[in-house]
Structures are given as C-alpha cells and as structure tokens.
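What follows is each chain in one-letter form.
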Amino acid sequence: MSTQNQQNGPASTLAEGVPRIKVSLTPMFATWVYLCEDGPKHLNQRLEELAHQLMQDNSNAIQRTNHGGWHYAFDLFKVEEPVVAEFRDQMEQHVQAFLNHFRSDGNKKKDSFCLKGWINVNRAGDHNVLHCHPGSFVSATYYVKVPTDIKGGEIVFRDPRGPAVAMYETPGIELPWVGSGMGVPFSPATGHLLLFPAWLEHRVERFEGSGERISIAFNACNP
Ligand SMILES: [Fe+2]
C-alpha cells in the first residue's frame, strides 16, 4: 500500500455505489539504509594490497567485534597513502549524499564531519558479533573484495524496535510490522557500499567459501 495519502479507501471493503473515504498511512520511526552498488571499484586492488601490507605487522591487528578474522587496530584514514585519500574523498561524498537525501531542495548543504575507519578481513568460518557504533552518527561498510562463491557472510541488521513487535504477533493475521525476528540481511558484493545510522545494530554471518572477504568499515563523527 502506498505511504502517501490515499483516495481509494480500503479496497477490500469497497462495494459498488459506496462513497469512497480518504485515509492516510504514515511510516513512523523509519530506519534508512543507503546502498550503492557502484562504489569506487577502481580503488579495490590498491585497497586489497594495502590490507595485505598492514596484515604483515601483527601489532596492526585487534580483536573487536570479529570472531576470527583480521581487524585493523587503528584509524585507516590516518594511513598516509594516496589510495586512502581517494577513498576518503569518495566516502565523504556518499555520507553527504545520505544526509542531504533527507533535506528538501534548497536546504541541502555541506556538513562538517570526519571519518574514522578500519579494515576487516574474514575468511571461511569467521563472523562478527552483534554490535553498533557508539560515538558516531552514520556508519558504513564498503566491500573491497567478496568471493564469488561466498556462502553466508551477510551483514544482518537487527530490528531496532526491539522484541515487542513480535510479542504482539497474531497467528493467522499477517501484520506488516512484525518481522521475522531474524533481522534484515544484505548480501555483500564487491564494490557495494552500505551506509546506516550508527545506532542500528548489526552482525556479520559466518561465511564459507574460498579466499577473503575484505571490507572497510567506517564511522562519520563530529570533527
Ligand atoms: Fe559494524
């Protein structure tokens, strides 16, 4: 059903000759996830090489949300490499586009923010536990490399409304606001970029397949 004002009334109860009534539907507390399937793929090879270069130093690794896998311990955007500067420029434009999407024409503007990021490298059997990104307002994942034979490895966003919506589920009646309880998965693919509110909890499913699933996660923060 449309989310805009609707002139047709409840279609299933309309009968011939009955006056139509006006109703409206208002989506409230919506959660927005930004997906670009056309990220800066031309940087991927150099980003992958940078990941492998950083992985050679054990002091660059840290355990955070990763169960297995490799997680860069520091801020990627402080690495002084041309490819990082190019990547930052691209990602800042995406964050700005995300913010401006919600502003009317004439009210779009350039915001002041900084990016802090890190590289994740997961191999078969690795996953990331449920978490959110405190201290920032928008978070993101860019997929540098995803094996074509990947099974699993989805990023799964948890319903931010909590478990209450499922508690009021009514057997036999399909309610649009009751989710599966399992969250909403996005399958990663090379070159895809996801932006989402930093408070939106997410996890990364264990994947099976060959090779490495390389992603760059980053946060947009106050400068
Ligand atoms: Fe995350």
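Overview of the structure.

About the thresholds
- Residues numbered from 1 in each chain as written.
- Predicted model: local features only at pLDDT ≥ 70, side-chain atom pairs only at ≥ 80, totals over all residues.
- Pairing = 2+ DSSP bridges.
- Helix = DSSP H or I, 4+ residues; strand = E, 2+ residues; numbered from the N terminus.
- Contact = placed C-beta atoms within 7 Å.
- Axes fitted to C-alpha atoms, helices over the stretch in contact; angles between N-to-C directions.
- Buried ≥ 20, exposed ≤ 12 C-beta atoms within 10 Å, placed from the backbone.

1. What about the sheet that holds strand β3 (residues 70–71)?
Neighbouring strands of a sheet are bound in pairs by backbone hydrogen bonds; such pairs are parallel or else antiparallel. Sheet architecture is open: 6 strands sit in the order β1-β10-β6-β13-β4-β3, paired in antiparallel fashion. Edge positions in the open sheet fall to β1 (34–36) and β3, since each of these has one partner strand only. Examined bridge by bridge, β1 and strand β10 (residues 193–197) share 3 bridges and lie antiparallel to one another. Following the sheet pairing, Cys36 is matched in β10 by Leu193. The sheet contacts of helix α1 (residues 44–55) involve β3, β4 (114–122), β6 (138–145) and β13 (213–221), and relative to β6 the element is tilted by about 95°.

2. Some words on the pairing of β6
With 7 of its 8 residues buried, β6 lies for the most part within the structure. As defined by bridge partners, β6 adjoins β10 across 5 bridges and the pair is classed as antiparallel. By the bridge assignment for β10, Ala140 is matched with Leu195. The pairing of β6 with β13 spans 7 bridges and is classified as antiparallel. Directly across from Ala140, in β13, lies its bridge partner Phe218.

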